[in-house]
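Single-letter residue listing:
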Amino acid sequence: MAELHDSVSKVPGVGIVRAAALRRRGIQTVEDLLLQLPFRYEDRSKVSSISELIVGESYTFNVKVNRIQRLGHRRRNRVEAVVSDETGELKVVWFRQPYVADAIAKGDAVSVFGKVVEHDGNPQLVNPVLERGGGLHLGRLVPIYRRIGKLTPGVLRRLIDACIDLVGEIPESLPDLTRRRLQLAGRHEALVGIHRPASTADPSVLNAARSTAHQRLVCEEFLSLQTVLQLQRTQEKNELLGPVMIFDETSVAAILEVLPFRLTPGQDAALWTILSDMKSRVPMHRLLQGDVGCGKTAVAGGALLAAATAGYQAAIMVPTELLARQHSRWLAPWAASQGVSIECLTGTTSSGSKEQILGGLANGDTKILVGTHALLEPEVLFSKLGLAVIDEQHRFGVRQRASLREKGGANHHQCPHLLVMTATPIPRTLELTVYGDLDVCTIDDMPPGRQPVISQVVPATNWSRVVEMLVETVHRGEQAYVVTPRIKEGDDELSAAVQLQAELQRQLSGVRIGLLHGKQAQDERSSTMESFRAGQIDVLVSTTVVEVGVDVTNATLMVIGHAERFGLAQLHQLRGRVGRGSVQATCVFLAHEPLSKNAQSRLKAVQSTTDGFELAETDLSLRGPGELLGTRQAGVAGLRVGDLFRDHEWLELTCKEARRLVVAEDDESVEYCQRIRRYWGRRFAMTQTG
Ligand code: ADP
Ligand code: MG
């Protein structure tokens, strides 16, 4: 007998080599092995007669071995046999499995399962699964596992099946009440149902992972993940102290007074939610989401200034240098009007200015710091950091989010408020899981006067149409972007952009064309951006450096070259560079044939709507959650049983249940939470922030 947490080496058939192979896949315990779910099931339950076979189909036959021999080079190439049942005879061949000839002999009764093919005009069974006695690999609904290193599906089937006998009754892991509320099968019943499906089970239900056994295991996993997120959040709330900031309506109104526009109701609501978080002793941990162009910067700016006027320092981190400059440019006059000093720190800040900036941060003179990843460097230390904002947070890792927050300074017993922002909305179905530890608020309106961007997919062969549109745009006194990715593998984006600029310059005489790319020196890049902003450049040819955040209102035409190569989120972001004012804007997606099916779907989707949330859902269905979320959310990457897309209907239920569990006081719930904390602690060597 064994316990679930015993090492896999306790399982009969697992020696040193197999244990190592399993460990490489993160399978250490008997339980880990039991949680390797089959990815499909094959119905091998029906036994057929040789006389009824049809070439091309797969069958299970119960037969007697009449003849068997090893053939080919050193008699190792193939094993040939002739087998029969009451209805006829059949030839069988196994390639490169010489051991089959040792396993069975003339006269044996065996079961075989495989596909019948035609060879020299006769039916022949090729490489069939062979079983003596039967019951595990044949004669039933057979679970098919994904191969692990050298462990074949058949070997895994034997090992996993052995685990069940080894453990006996698999203990229940969920509180009774939880199981009843979610109406879940017991754990033993579920695992046995998965690995040893009943003869009455419906293979199509099993294959769709919709059996009650599957649902139980999916919920168990979601619940565990959601619970640990809630626990972390609760712990933060209880243990960490946030700076209690004091501001009133009039002082905030005075800050907003200076803006050239009034906040939209959505912006206003978001700002007040954030401000009320910042008044609390519980550190804010909030995600502000809103589609491209909805005006998140103004909301963040309001929060930064409110923190500064309340006597704290505040920082905003962005993914690109371009964006850092743009934010600090935009914030500087606003801050100045409130008597707040602001600095900008990036990777290219000269060492002289850097020293000065670091000095100002340390002695508290500098109140607001805008910057890139450079803010995370160890020498950047604040004297009283009260608010950390991360813009375009999907570009940063979880750890980076945490480390900006750790720069609290002398107030290190306090944990700064954290606001993260994103314009790459994640589907609401996933929000709960991915951001389970964040409070979320959404700006769902747009500044007044915005018109949806007209989106057109244009074949690349129709370049002359693009040239016309560029000319028309420039004649109207408006500006345009032309964005180009790498033209071919190995080609750098740079040469593509340079070539394109030269070509456009030839085709558009009298039009001022600028060039922007990541390899330019910082000052060259900012002066180009500056000229574009000032209207001294008409058409800006650029690599994808303009992708996030860049804001030039007079730009009304966006041309995306090789649009088929971009992901949906990127296309939406790029399109979001135009249509940021009240003038009608257009986005042209240049498509180069041939288009993959997926590329066609992406272009169709981006053309049909400008709603980022809708596109996020489409993106999810096109790519699947794994890729969409990447590895940036450790918790999500850690899912083994559940699939965020396939099983999304369980997310909300399990999230609610997790919220209930972390505050419940009955023994079972408390014990469950402790177990979950230990489990994830081991699995991710979880680091607590703050
Ligand atoms: P995003 O949410 O994509 O970061 P930005 O903050 O860059 O959007 O804002 C987009 C544009 O909208 C900017 O030019 C900004 O000045 C403008 N803007 C923001 N809020 C308002 C508003 N309430 N009224 C008018 N224009 C606004
Ligand atoms: Mg932005």
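The shown structure was predicted, so the numbers you read here are calculated from the model rather than taken from an experiment.

### With respect to the sheet that holds strand S19 (residues 555–560)
Consideration 1: Read from one edge of the open sheet, six strands run S15-S20-S19-S16-S18-S17, paired in parallel fashion. Since the sheet does not close on itself, it has two edges, and those belong to strand S15 (454–459) and strand S17 (513–516), each with one partner. The mean angle between the axes of side-by-side strands here comes to 20°, regardless of whether they run parallel or antiparallel.
Consideration 2: Pairing geometry for S17 and strand S18 (residues 539–542), over four bridges, is parallel. Of the residues in S18, the one forming a bridge with leucine 515 is valine 541.
Consideration 3: Lying on the sheet, helix H16 (residues 463–475) is in contact with S15, strand S16 (479–483), S18, S19 and strand S20 (586–591); it crosses S19 at an angle near 165°.

### Things to note about the pattern of salt bridges
Consideration 1: Evaluation of the coordinates by the stated rule reveals 29 salt bridges.
Consideration 2: Glutamate 379 is the partner of lysine 354 in a salt bridge, and the nearest nitrogen-oxygen pair spans 2.9 Å. Within this pair, whereas lysine 354 is found in helix H13 (residues 351–363), its partner glutamate 379 is found in the loop between strand S11 (368–371) and strand S12 (385–390), the two being separated by 25 residues in sequence.
Consideration 3: Of the residues examined, glutamate 379 reaches a relative accessible area of 38% and is grouped as partly exposed.
Consideration 4: Here glutamate 564 makes a salt bridge to arginine 565, at a shortest N to O gap of 3.7 Å.

### Details of the packing of helix H11 (residues 296–309) against helix H12 (residues 321–337)
Consideration 1: Across the interface, H11 lies against H12 with an axial gap of 11 Å and an inter-helix angle of 45°. In this view, H11 runs oblique relative to H12, as classed from their interaxial angle. Crossing of H11 against H12: the hand is right-handed. Contacts from Thr297, Ala298, Gly301, Gly302, Leu304 and Leu305 in H11 reach His327, Trp330, Leu331, Trp334 and Ala335 in H12.
Consideration 2: Considered class by class, the residues forming the contact of H11 with H12 number seven nonpolar, four polar and no charged.

### Let's talk about the pairing of strand S2 (residues 58–71)
Consideration 1: Here seven bridges tie S2 to strand S5 (residues 109–119), and the two strands are oriented antiparallel to one another. Its bridge partner being in S5, asparagine 62 is matched across the sheet by serine 111.
Consideration 2: When S2 meets strand S3 (residues 78–85), the two strands line up antiparallel, connected through seven bridges. Bridging across to S3, isoleucine 68 finds its partner in alanine 81.

### A short note on the site of ligand 1
Consideration 1: In the vicinity of ligand 1 there are 15 residues, among which Gly293, Thr297, Arg450, Asp551 and Arg580 approach most closely.
Consideration 2: A distance of 2.6 Å is found between an oxygen atom of ligand 1 and a backbone nitrogen or oxygen belonging to glycine 293.
Consideration 3: A distance of 2.5 Å separates an oxygen atom of ligand 1 from a polar side-chain atom of threonine 297.
Consideration 4: The protein chains hide 88% of the 570 Å² of surface that ligand 1 would expose on its own.

### Quick notes on the nonpolar core
Consideration 1: Counting residues in each nonpolar core, the largest one holds 55 residues, and the members touching the most others are Val11, Leu22, Leu33 and Leu34.
Consideration 2: In contact with leucine 33, other than residues within four places in its own chain, are Val8, Val11, Leu22, Ile27, Leu159, Ile160 and Cys163.
Consideration 3: One finds Ile274, Met284, Ala303 and Ala308 within the second-largest nonpolar core, a separate group that totals 44 residues.

### Describing a negative patch on the surface
Consideration 1: On the surface, Glu665, Asp666, Asp667 and Glu668 cluster together to form a negatively charged patch.
Consideration 2: Considering the arrangement of structural elements, one finds glutamate 665 in the loop between helix H24 (649–663) and helix H25 (667–684).
Consideration 3: With relative accessibility at 73%, the residue glutamate 665 sits in the exposed group.

### A short note on the environment of isoleucine 148
Consideration 1: Here isoleucine 148 is to be found in the loop between strand S7 (141–144) and helix H4 (153–167).
Consideration 2: Each C-alpha atom of the pair isoleucine 148 and proline 12 lies 17 Å from the other, and the pair is 136 residues apart in sequence.

### A word on the sheet that holds strand S8 (residues 285–290)
Strands pair in a sheet through their backbones, by hydrogen bonds, and they do so in one of two ways: parallel or antiparallel.
Consideration 1: Pairing in this open sheet of seven strands is parallel, and the strands run S10-S11-S9-S12-S13-S8-S14 from one edge to the other. Edge positions in the open sheet fall to strand S10 (342–345) and strand S14 (439–443), since each of these has one partner strand only. Taking the axes of each pair of neighbouring strands and ignoring which way they run, one obtains an average angle of 20° across the sheet.
Consideration 2: As judged from the four bridges shared by S10 and S11, these two strands associate in the parallel manner. By the bridge assignment for S11, isoleucine 342 is matched with isoleucine 368.

### A few points about helix H20 (residues 597–608)
Consideration 1: For H20, built from 12 residues, the straight-helix expectation of 16 Å at 1.5 Å per residue is met to within 8% by its first-to-last C-alpha distance of 16 Å.
Consideration 2: Looking at H20, one finds that the buried residues are Ala599, Arg602, Leu603, Ala605 and Val606. Buried residues along H20 cover an arc of 160° about the axis, so they all sit on one side. Along H20, the residues that are exposed and aim more than 90 degrees away from the buried face are Lys597, Lys604 and Ser608.

### Structural notes on the confidence of the model for the protein
Consideration 1: Residue-level pLDDT values for the protein average 87, and 91% of them are 70 or greater.
Consideration 2: Low pLDDT, under 50, characterises residues 628–637; the stretch is placed with 22 contacts to residues that sit more than four places away or in other chains.
Consideration 3: Throughout residues 685–690 the model reports pLDDT below 50, and contacts reaching past four residues in sequence, or to other chains, amount to 15 contacts.

### A short note on the packing of aromatic side chains
Consideration 1: The final tally for this structure, using the stated rule, is three aromatic pairs.
Consideration 2: Consider the rings of tryptophan 330 and tryptophan 334, whose centres lie 5.5 Å apart with planes at 80°: the pair is edge-to-face. A residue pair is termed a helical-turn pair when its members lie 3 or 4 positions apart in one helix, as tryptophan 330 and tryptophan 334 do in helix H12 at four residues.
Consideration 3: With relative accessibility at 30%, the residue tryptophan 330 sits in the partly exposed group.
Consideration 4: The ring of phenylalanine 39 carries the charged tip of arginine 146 above its face, separated from the ring centre by 4.1 Å.
Consideration 5: Directly above the aromatic system of tyrosine 312 lies the positively charged group of lysine 384, at a separation of 4.5 Å from the ring centroid.

What counts, and at which threshold
Residues numbered from 1 in each chain as written. Chains lettered and ligands numbered in written order. Predicted model: local features only at pLDDT ≥ 70, side-chain atom pairs only at ≥ 80, totals over all residues. Heavy atoms only, no water. Pairing = 2+ DSSP bridges. Helix = DSSP H or I, 4+ residues; strand = E, 2+ residues; numbered from the N terminus. Axes fitted to C-alpha atoms, helices over the stretch in contact; angles between N-to-C directions. Contact = heavy atoms within 4.5 Å. Salt bridge = Lys/Arg side-chain N within 4 Å of Asp/Glu carboxyl O. Buried < 20%, exposed > 50% of the residue type's maximum accessible area, 1.4 Å probe, protein only. Parallel < 35°, antiparallel > 145°, perpendicular 65-115°, else oblique. Left-handed = near helix turned anticlockwise from the far one by under 90°. Nonpolar A, V, L, I, M, F, W, Y, C, P; charged D, E, K, R; others polar. Near = heavy atom within 4 Å. Polar contact = N/O pair within 3.5 Å; in protein donor to acceptor, adjacent residues only side chain to side chain. Areas by Shrake-Rupley, 256 points an atom, 1.4 Å probe, with all protein chains shown as cover. Core = buried A, V, L, I, M, F, W, Y, C linked by side-chain atoms within 4.5 Å. Patch = residues over 30% accessible without salt bridge, like charges linked within 9 Å, V, L, I, M, F, W, Y side chains within 5 Å. Lys, Arg positive; Asp, Glu negative; His and termini not counted. Charge placed at Lys NZ, Arg CZ, Asp CG, Glu CD. Expected span 1.5 Å × (residues − 1). Arc of directions from axis to C-beta. pLDDT = per-residue confidence, 0-100. Phe/Tyr/Trp six-rings, centres within 6.5 Å; stacked < 30°, edge-to-face > 60°. Lys NZ or Arg CZ within 6 Å of the ring centre and 35° of its normal.

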